[in-house]
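Coordinates in review
Spelled out, the chains give:
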Amino acid sequence: MSASNVQIRPSDLDDASQRELATFLEQEQAKARLQTSTHTFTEMCWDKCVTGSIGGRFSRSEESCLVNCVDRFLDTSLFIVKKLEQQRGA
């Protein structure tokens, strides 16, 4: 039996290993959510801001729109993170 076919059930792990596994899974899920959000906002900003044909450079209005769109996304994300931290602390 190769190592890739070995199956370990969470109940087979000690408490410390279960906590470590849970932390790892939570971190991986957070990474996946961040990647999904980044993809969504990139697509949204692109669709909203890039109106002309794709060339070597963005027009001034496209560049300004993209910068503003990204800034609003970051502001919103930071606001949400702070609110969630406040709720956890309350």
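Residues numbered from 1 in each chain as written. Predicted model: local features only at pLDDT ≥ 70, side-chain atom pairs only at ≥ 80, totals over all residues. Heavy atoms only, no water.

1. Digging into helix α2 (residues 60–89)
Relative to the 44 Å expected for 30 residues at 1.5 Å per residue, α2 spans 43 Å between its end C-alpha atoms, a close match to the ideal helical length. Looking at α2, one finds that the buried residues are E62, L66, C69 and F73. On the buried face of α2, the contacting elements are α1 (15–49). (Helix = DSSP H or I, 4+ residues; strand = E, 2+ residues; numbered from the N terminus. Expected span 1.5 Å × (residues − 1). Buried < 20%, exposed > 50% of the residue type's maximum accessible area, 1.4 Å probe, protein only. Contact = heavy atoms within 4.5 Å.)

2. Brief notes about the state of the cysteines
On inspection of all chains with the given rule, the structure shows two disulfides. C45 shares a disulfide with C69; S-S distance 1.9 Å. Note on the C45 and C69 pair: the S-S dihedral is about -80°, so by sign convention the disulfide is left-handed. Of the two residues, C45 sits in helix α1 while C69 sits in helix α2, which places them 24 residues apart along the sequence. Like C69, C45 is buried. (Disulfide = S-S within 2.5 Å.)

3. Side note on the packing of α1 against α2
It is at 9 Å that the axes of α1 and α2 come closest, and there the two elements cross at 150°. Judged on the interaxial angle alone, α2 and α1 are roughly antiparallel. Note that α1 runs across α2; the crossing there is right-handed. In contact with S37, F41, M44, C45, W46, K48 and C49 of α1, α2 contributes E62, C65, L66, C69, V70 and F73. Tallied by class, residues from the contact of α1 with α2 come to ten nonpolar, one polar and two charged. (Axes fitted to C-alpha atoms, helices over the stretch in contact; angles between N-to-C directions. Parallel < 35°, antiparallel > 145°, perpendicular 65-115°, else oblique. Left-handed = near helix turned anticlockwise from the far one by under 90°. Nonpolar A, V, L, I, M, F, W, Y, C, P; charged D, E, K, R; others polar.)

4. Quick look at the packing of aromatic side chains
Under the defined criterion, the tally for this structure stands at two aromatic pairs. Relative to F73, the ring of F41 lies with its centre 4.0 Å away and its plane at 5°, an arrangement referred to as stacked. Placement of the pair is F41 in helix α1 and F73 in helix α2, with a sequence separation of 32 residues. Using a relative accessible area of 19% as the deciding quantity, one classes F73 as buried. Ring centres 5.9 Å apart and planes at 70° place the aromatic pair W46 and F58 in the edge-to-face group. Separated by twelve residues along the polypeptide, W46 in helix α1 and F58 in the loop between α1 and α2 bring together distant segments of the chain. A relative accessible area of 38% means that F58 is categorised as partly exposed. (Phe/Tyr/Trp six-rings, centres within 6.5 Å; stacked < 30°, edge-to-face > 60°.)

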